[in-house]
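Commentary on secondary and tertiary structure
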Amino acid sequence: MNQPQQTTYVSSVDPYVYQTLQGVRTKQIVVETVRGSVTGKLITVRPDHIVVESGGSSFFIRTAQIVWVIPKG
């Protein structure tokens, strides 16, 4: 008899990064990730990811993948 396996989701939250990003929400930012940089408007800040709008596209970036952030203007 096969028992269904439970899936557990684990995510690390950095409260300082989260709070800092909340302070620049709706502003233009540059985000450096482990895969490259994204420049655009910070739309959403969640404990595990952010959403940056750039060139008409939305980029969903995991907070754990952020290296640094620079607010513009």
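Residues numbered from 1 in each chain as written. Predicted model: local features only at pLDDT ≥ 70, side-chain atom pairs only at ≥ 80, totals over all residues. Heavy atoms only, no water.

What about a nonpolar patch on the surface?
Among the surface-exposed residues, V34, V67, W68 and I70 lie close enough to one another that they form a single nonpolar patch of about 380 Å² accessible area. Of the residues examined, V34 reaches a relative accessible area of 54% and is grouped as exposed. (Patch = residues over 30% accessible without salt bridge, like charges linked within 9 Å, V, L, I, M, F, W, Y side chains within 5 Å. Areas by Shrake-Rupley, 256 points an atom, 1.4 Å probe, with all protein chains shown as cover. Salt bridge = Lys/Arg side-chain N within 4 Å of Asp/Glu carboxyl O. Buried < 20%, exposed > 50% of the residue type's maximum accessible area, 1.4 Å probe, protein only.)

Description of unusual backbone geometry
Notably, T26 is not glycine yet its phi reads approximately 75°, a positive angle. The residue T26 is located in the loop between α1 (15-23) and β1 (28-33) in this model. On the basis of relative accessibility, which here comes to 47%, the residue T26 falls in the partly exposed class. (Helix = DSSP H or I, 4+ residues; strand = E, 2+ residues; numbered from the N terminus.)

Topic: the nonpolar core
In summary, soluble globular proteins display a tendency toward joint burial of nonpolar side chains. L21, V24, I29, V31, V38, L42, V45, I50, V52, I61 and I66 together form the largest nonpolar core, which totals eleven residues. For this core, the secondary structure elements donating two or more residues are β1, β2 (36-45) and β3 (49-54). The element best represented in this core is β2, accounting for three residues. Contacts of I66, omitting those with residues within four sequence positions, involve L21, V31, E32, T33, I50 and I61. (Core = buried A, V, L, I, M, F, W, Y, C linked by side-chain atoms within 4.5 Å. Contact = heavy atoms within 4.5 Å.)

Thoughts on the side chain of T63
Tracing the chain through its elements places T63 in the loop between β4 (57-62) and β5 (66-71). Once residues within four sequence positions are removed from consideration, T63 is found in contact with V17, R46, P47, D48 and H49.

Some points on the pairing of β4
Looking at chain direction, β3 and β4 are connected through six bridges and run antiparallel. Bridging across to β4, V51 finds its partner in F60. Hairpin connection from β3 to β4: two residues lie between these consecutive antiparallel strands, with G55 at a positive phi of about 60°. (Pairing = 2+ DSSP bridges.)

Observations regarding the sheet that holds β5
Strand order in this open sheet of five strands is β4-β3-β2-β1-β5, and the pairing throughout is antiparallel. A strand with exactly one partner marks an edge of an open sheet, and here the two such strands are β4 and β5. Averaged over all pairs of adjacent strands, the angle between their axes in this sheet comes to 45°, without regard to strand direction. Running at roughly 80° to β2, α1 makes contact with β2, β3 and β5 of the sheet. (Axes fitted to C-alpha atoms, helices over the stretch in contact; angles between N-to-C directions.)

Thoughts on the environment of A64
Assignment of secondary structure puts A64 in the loop between β4 and β5. Between the C-alpha atom of A64 and that of V13, which follows or precedes it by 51 residues, the distance is 8.0 Å.

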